[in-house]
Amino acid sequence: MSAPESIVCKPTPWFLLRGTVMVAMFSIFAVLFFMDGSTGYRKKNESFYLYNTFKVAGDEFNRMNASGTLTASSWKAYASRQDVMFPSDPAVLPAGFKLPMKWPSELQDFDRMKQQWNLLWREYSKEHGLDAQPDEEPYTASKISGQWWAFGCCASLAAIAGFFLARTMTRSISADATSLKSQDGKRVPFSDLKKIDLRKWDSKGLAFIDYEGESGKGRIRVDGLTYGGFKKESGEPAEALMRHIRSHFSGEITEYAAAGISESSPEVTGTEE
């Protein structure tokens, strides 16, 4: 069977899947960090301070009513003067949150305060979309700021991964009867190829081809796992490409003559049999 006149190795499904997963993963992390930094942690702080206010109000009500002489009007007069124990730093609270905030009307209601404060809190938190069981500690401004830094890092990584994925999708490595074309569009005649390094070809699908001549001087990196692949059902496109290159190559080839030779061993040089 005659060798094909040209071979084109496009990005493999394996690479495209991996790239898509990385973009999706970093994007999801970025969204989660953004939500925590912009609203999530601040809303949790609102729940934390209101929860503790309900607890303090319940303890204070029980203390004042220990003798059973507390009246609705006297409790109302006391409770209406109290502020929720929010911190003064607006950076740890939801955007636009107005301070100070008086005790909710539920805490000023004498009859409703007769029930356990935690039951009253459950009703209030459900009605206002707050956490029924807040975290044990509030989130500081530095922790909230850290979410923004994490968001920036993940968003940058998502953008970088997306850029390389989009760029790779439009590239390919090809070879025809006279030349090799790299993934960045560099076309090098076979006559300019000087050396092929195949020491990582069998283990990692990587080969490095040095060239020098009319096309200039440099090195082409052939990544068989990214371009073409080695699936037998597809005809092992990357392997077919390398065979095609070697069939038109007359320079130096560096490869392992047998398994077990280490990187520190002398190079083995040979030509296509």
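Bear in mind the structure is a predicted one, so any value in this text is a computation, not a measurement.

Peer 1: For the packing of helix 1 (residues 13-64) against helix 5 (residues 141-169), give the residues involved together with the corresponding values.
Peer 2: Here helix 1 crosses helix 5 at 160°, and the two axes come no closer than 8 Å. With respect to helix 5, the axis of helix 1 lies roughly antiparallel. Two packed elements cross with a definite hand, and for helix 1 against helix 5 that hand is left-handed. When the residues that make up the contact of helix 1 with helix 5 are grouped by side-chain class, the tally is 20 nonpolar, nine polar and three charged.

Peer 1: Which residues make up the pairing of strand 5 (residues 193-197), and what are the values?
Peer 2: Relative to strand 6 (residues 206-213), strand 5 is paired through four bridges, and the arrangement is antiparallel. Each bridged residue has a counterpart across the sheet, and for Lys195 the counterpart in strand 6 is Asp210.

Peer 1: Account for the packing of helix 1 against helix 4 (residues 117-128), naming residues and giving values.
Peer 2: Interaxial distance between helix 1 and helix 4 falls to 9 Å at its minimum, and their mutual angle equals 150°. It follows from the interaxial angle that helix 1 and helix 4 lie roughly antiparallel. Crossing geometry of helix 1 relative to helix 4 is assigned as right-handed. Residue-level inspection shows Lys43, Ser47, Leu50, Tyr51, Phe54, Lys55 and Gly58 of helix 1 in contact with helix 4, the latter providing Trp117, Leu120, Trp121, Tyr124 and His128. When its residues are assigned to classes, the contact of helix 1 with helix 4 shows seven nonpolar, three polar and two charged.

What counts, and at which threshold
- Residues numbered from 1 in each chain as written.
- Predicted model: local features only at pLDDT ≥ 70, side-chain atom pairs only at ≥ 80, totals over all residues.
- Heavy atoms only, no water.
- Axes fitted to C-alpha atoms, helices over the stretch in contact; angles between N-to-C directions.
- Helix = DSSP H or I, 4+ residues; strand = E, 2+ residues; numbered from the N terminus.
- Parallel < 35°, antiparallel > 145°, perpendicular 65-115°, else oblique.
- Left-handed = near helix turned anticlockwise from the far one by under 90°.
- Nonpolar A, V, L, I, M, F, W, Y, C, P; charged D, E, K, R; others polar.
- Pairing = 2+ DSSP bridges.
- Contact = heavy atoms within 4.5 Å.

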